[in-house]
Amino acid sequence: MVNFIPMGEKMTKNKKLLLIDGNSVSFRAFFAMHNVLDKFVSGDGIHTNALYAFNNMLDIILKDEDPTHALVAFDAGKTTFRTEMFSDYKGTRAKTPPELMEQLPLIQEMLNLRGIKTYQLKNYEADDIIGTMSRKGQSEGMDVTIITGDRDLTQLTTDKVTVRVNVKGVTETEAYTPEHVKEKLGITPEQIIDMKGLMGDTSDHYPGVEKVGEKTAIKLLNEYGSMEGLYEHVDEMRKSKLKEHLINDKDQALLSKKLATINCDAPVELKLGELEYRGDNQEQLIKFYQRMDFKSFLEKMDVDTEEVKEEMADIKFSELNSDAVDKIVNVDKPQTVIVESFGENYHISPIIGLAIESDKEYYSTTDISILENDKLKAWLADDSKEKYVFDNKKTVALLNRYGCEFAGVSFDMLLVSYLLDTNDNKTDIGLVAQNYGHNLPNEEEFYGKGVKKAVPDDDQVLMNFICQKAHIINVLHDTMMAELKKNDQDSLYDEIELPLSNVLASMEIKGVKVDASRLKEMQNDFAGRLSDIEKQIYEEAGEEFNINSPKQLGVILFEKLKLPVIKKTKTGYSTAVDVLEKLKSKSPVVQKILDYRQISKINSTYAVGLQKFIQPDNRIHTIYQQTLTQTGRLSSIEPNLQNIPIRIDEGRQIRKAFVPQSEDWEMFSADYSQVELRVLAHISGDENMQEAFKEDYDIHAHTAMRIFGLDSTDEVTPDMRRKAKATNFGIVYGISDYGLSQNIGITRKEAAQFIDSYFEQYPGVKKYMDDIVKFARENGYVETIMHRRRYLPDIHSKNFNIRNFAQRTAMNTPIQGSAADIIKVAMINMQKKLKEENLKTNLLLQVHDEMIFEAPKSEIPILEKLVPSVMDSAVKLDVPLKVGSAHGYSWYEAK
DNA sequence: TAGTTCACG
DNA sequence: ACGTACGTGAACTAC
């Protein structure tokens, strides 16, 4: 088929108008990068985070949209025609943070340098300017795209006008066409103002009709078409609360609709011709970027400024040979060491290159035999020779495999970066560098990914790369350490994370002995039982299917066997445990499926799964991720040794395969009892909870007694204790009545009463919960007893769910995180003690609130005293810490 | 690669 | 009116 396109139309590109809501995008840009606020400061001390994010977004949008015309509209001031109509309009809106205020003029300046017109109009909001210009553009036959962070602007969408709303920060947008509005809300763009009028707007602070939210408003509009239509027929509605509210709040609703309506006839004195997009003013823009310290944007412009050159240029380095070693060992300043490996798991992957920066000289080699040089070996192991690295734990583990000890690290850029901000993924030095505005390829960019992943053929390229890594560590050292100090996190780093990285390295290197033959036996046993159950399930289902597929299982249970659907997931029927538990009584096949699932999980993940990780030394060497969790806990991978089954005996048998190194040794474990609740008692200062721990009461029974209003714990039934225990857990997680009701199978109302009486009994806890959320709102982060930080930008979210989640996180993180701090201190002290006392015992594993050791039998009596005393004295809280311990022939027995 | 499920604290 | 417990990792299926 041939498309005939008239010549004229083919030749002229359709004109495209880009309209940006300057205020709302700036706001979003600011909060999207709120966690790096202090990292983005220009030479003259002005914050630049919003500027940076705005510009990033601009790059993407300009590329995407390729506009011929562009305009960024700003609000002119607080008073507008809307505040005249309704004095409280935007009444409770928090005032713009000063750190953003100072950036707004710069944003306008930058936009102009980028060839984009900016405009504001007295008495009107940016929305109105955009509305007006979008109609002008449309009537001239232009395609119009609007960029905003405010969903209300979707009322402007038409066939020619697309509204792109920022989601998650500013670099991603969701595009609204009339069809998409319809799909998403079930109403037309024109009806959005009616909807807003009916439901009101909390953030702009205008009221709607009482008890009418989005859902109700949409339902009403689908029935009556518009607010006016609705009020014409309101008398015909049958008597209901809704009808009453509609009638009572009619005036408010009509006013709110007016407030929500964007004025598309504002007296904007702009001609479309003036909006022509001219592109960057190169010369001025470079100066501007330099003033703002925007290195990455400068690099994008292909500009050879001196500063950039220094950073991007190939680094001059010489061969790391014995001559170089002679120089290195005699330097007294800190020196930077890079040990480069290739492969996922550093316990098995080879070292492929080394680099050392020494007094501004760079030395590098891919010839690993230099590690046999005795002088270098001694220098690496010398604690008094100060070193900088990225990932101390990995470096220690790698060098250990090549027969070298490694000590003396004072700066681990990975750890510092994690302490400064847990939010982004910081396991890659390139990404950290990029975060600080420096240009260093990350691992994926350098080595490639998937099938293309490979070490470069040219050794020079590799050596240059690792020298650049060393260079960036030096460049960022001062800034990052200063920031650490400013956050009052230097002792968290010096006394906890850095020493801990050495403890973890030795735990990983030691590994834990696992009896492969035992796992093999279990695997065989499970395989037999699985095929039995499988047969029975097929029989009862009347056909064969994949039991592991939730999809196929759903069809069998809910369509073939017609069992009631309890819960749905995004993709279909839920077949999770809590659902199956409820269906158990309806069909005998359900219990069999539960059994199958359980055994199949234990078999595939543990019995079979763990065998793959047993190394030739008969041991499993996990990797502890020290810089991953948002709370400060560790995590364990390849394999995860922090989730070995224990709750059900079937799975618990797996622990019998975890054994000590030789016959006259045992496994020894020690765990904290209720650390998190004790931490809560401490940081909340709640007297009732503190008393319970000081007196060493059964905390859950004691809670039950209090919330059920009993006189003594003797009256507490097991069921009451169970409920109280769940409530205590709920409190730690940042409780909601719904969550608690689901967990202990009571109604939401009852759960709410539980929580009320809990807070009455523990008023200090209530106060803590309120205060910590307030703290998070004011400071943008929360912290643990050791000043570990977690930034919570979502605490300002307009979205109810996202904001609530951030609030629960604010409550939970100081608790979970402080508990993590405590055991970390205990681990460091423990390792030190074992050495001081000349014990052979090895610390092998950590599982959040417990430590697992292997020890000669003769040392067990010593450990039984020593370990609990080290653990309970790790930190001094207002309540005592309690520690339990056990030992036996395997991890199973050490319970 | 996303979604579901389930193992642990 | 909204739709929920906090923090993880791994196996498996299905797109």
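Residues numbered from 1 in each chain as written. Chains lettered and ligands numbered in written order. Predicted model: local features only at pLDDT ≥ 70, side-chain atom pairs only at ≥ 80, totals over all residues. Heavy atoms only, no water.

**Notes on the domain arrangement of chain A**
Selection rule: What fixes the domain bounds is an automatic or database domain assignment. Any pair of residues with heavy atoms lying within 4.5 Å of one another is described as a contacting pair. Simply put, the buried area is the total loss of 1.4 Å probe accessible area from both parts when two parts are fitted together. Throughout this description, the term salt bridge denotes a Lys or Arg side-chain nitrogen within 4 Å of a carboxyl oxygen of Asp or Glu. Counting of polar contacts relies on pairs of N or O atoms within 3.5 Å, with two restrictions inside protein: one atom must be capable of donating a hydrogen and the other of accepting it, and residues adjacent in sequence are counted only when both atoms are side-chain atoms. Secondary structure elements are taken from DSSP: a helix is a run of H or I of four residues or more, a strand is a run of E of two residues or more, and numbering for both begins at the N terminus.
As far as domains go, chain A holds domain 1 (8–275), domain 2 (314–510), domain 3 (513–620) and domain 4 (686–813). Its C-alpha centre places domain 2 at a distance of 43 Å from the equivalent point of domain 4. Contacts between the two partners involve twelve residues from domain 2, matched on the other side by seven residues from domain 4. The largest contributions to the domain 2 side of the interface with domain 4 come from N423, N487 and L492, which together make up 39% of the buried area. At the surface where domain 2 touches domain 4, the tally comes to one salt bridge. With a closest N to O distance of 2.7 Å, E497 and R788 form a salt bridge. Here domain 2 and domain 4 share two residue pairs in polar contact (both at pLDDT 80 or more) between them. Of all the secondary-structure elements, those providing two or more residues to the side of domain 2 that touches domain 4 are helix 20 (413–420) and helix 24 (490–510).

**Let's talk about the protein's contact with DNA strand B**
Note the threshold: Any residue with at least one heavy atom within 4 Å of a molecule or strand is counted as near it.
What surrounds DNA strand B is a group of 22 residues, the closest being T575, K601, I646, R647 and D849. For DNA strand B, the fraction of atoms within 4 Å of the protein that belong to sugar or phosphate moieties is 78%. In this structure, T571 approaches DNA strand B through a side-chain N or O atom, which is 3.0 Å from a phosphate oxygen. Separating a base oxygen of DNA strand B from a side-chain N or O atom of K601 is a distance of 2.7 Å. Per-element accounting of the surface near DNA strand B gives the leading share, four residues, to helix 28 (residues 588–611).

**As for the protein's contact with DNA strand C**
Condition: Note that Gly is not counted as nonpolar here; it falls among the polar residues with everything else outside the nonpolar set of Ala, Val, Leu, Ile, Met, Phe, Trp, Tyr, Cys and Pro and the charged set of Asp, Glu, Lys and Arg.
The immediate surroundings of DNA strand C are formed by 40 residues, with K215, S549, K551, S635 and F800 found nearest. Within 4 Å of the protein, the atoms of DNA strand C are drawn from sugar and phosphate moieties in a proportion of 62%. Within the backbone of Q630, one N or O atom sits 3.0 Å away from a phosphate oxygen of DNA strand C. One of the side-chain nitrogen or oxygen atoms of Q816 is found 3.0 Å away from a sugar or linking oxygen of DNA strand C. Counting residues per element, the ones that place at least two in the surface near DNA strand C are helix 10 (214–224), helix 26 (550–560), helix 28, strand 16 (635–637), helix 33 (718–733), helix 34 (737–744) and helix 37 (800–836). When residues in the surface near DNA strand C are grouped by element, the largest group, eight residues, is from helix 37. Along the lines of polarity and charge, the residues of the surface near DNA strand C split into nine nonpolar, 22 polar and nine charged.

**Some thoughts on the sheet that holds strand 17 (residues 658–659)**
Which entries qualify depends on this criterion: Here a strand pair is declared whenever DSSP counts at least two bridges between the two strands.
Strand order in this open sheet of three strands is 14-13-17, and the pairing throughout is antiparallel. The outermost strands of the open sheet, each flanked by one partner alone, are strand 14 (619–620) and strand 17. Pairing analysis gives two bridges linking strand 13 (residues 512–514) to strand 17, with the strands arranged antiparallel. Among the inter-strand pairings, K513 is bridged to a residue of strand 17, identified as V659.

**Let's talk about the nonpolar core**
We apply this condition: Side-chain atoms within 4.5 Å link the members of a nonpolar core, which is a set of buried Ala, Val, Leu, Ile, Met, Phe, Trp, Tyr and Cys residues. Any residue under 20% of the maximum accessible area for its type is buried, any over 50% is exposed, and the rest in between are partly exposed; the area is computed with a 1.4 Å probe on protein chains only.
If you look at the biggest cluster of nonpolar residues, it comprises 185 residues, and the most contacted ones within it are M413, I654 and Y672. Counting residues per element, this core draws most heavily on helix 37, which supplies 13 residues. In this structure, Y672 is in contact with I822, I823, A826, D849, M871, A874, L881, K882 and V883, ignoring residues within four places of it in sequence. Among the nonpolar cores identified, the runner-up in size contains 48 residues, and F81, Y119, L230 and L275 belong to it.

**As for unusual backbone geometry**
For the peptide bond that leads from E638 to P639, omega is 0°, which places it in the cis range. Here P639 lies in the loop between strand 16 and helix 29 (649–652). Unlike most non-glycine residues, D293 shows phi in positive territory, near 65°. Here D293 shows up in the loop between helix 14 (282–292) and helix 15 (295–300). Of note, E638 is a non-glycine position whose phi angle comes to about 50°, a positive value.

**What to know about the packing of helix 2 (residues 22–32) against helix 3 (residues 49–65)**
What counts, and what does not: Interaxial angle, 0 to 180 degrees, is taken between N-to-C directions of lines fitted to C-alpha atoms, where a helix line uses only the stretch in contact. The scheme is simple: roughly parallel for angles under 35 degrees, roughly antiparallel for over 145, roughly perpendicular for 65 to 115, oblique for anything else. Helix crossings fall into two classes, left-handed where the near helix is turned counterclockwise from the far one by less than a right angle and right-handed where it is turned clockwise.
Taken N-terminus to C-terminus, the directions of helix 2 and helix 3 make an angle of 115°; their axes are 8 Å apart at the nearest point. As the angle between them shows, helix 2 and helix 3 are arranged roughly perpendicular. Here helix 2 and helix 3 pass one another in a crossing that is right-handed. Packed against helix 2, whose contacting residues are G22, V25, S26, A29 and F30, the element helix 3 presents N49, A50, A53, F54 and M57 at the interface. Looking at the contact of helix 2 with helix 3, its residues break down into seven nonpolar, three polar and no charged.

**Topic: the sheet that holds strand 5 (residues 161–167)**
Ordered in space as 3-2-1-4-5-6, the six strands form an open sheet in which the pairing is mixed. Sheet topology places strand 3 (117–120) and strand 6 (172–176) at the edges, where each strand pairs with a single neighbour. Strand-to-strand twist in this sheet, taken as the mean axis angle between neighbours without regard to direction, amounts to 25°. Relative to strand 3, strand 2 (residues 69–74) runs parallel, the two being bridged by four bridges. Looking at strand 3, one finds that F74 is bridged to Q120.

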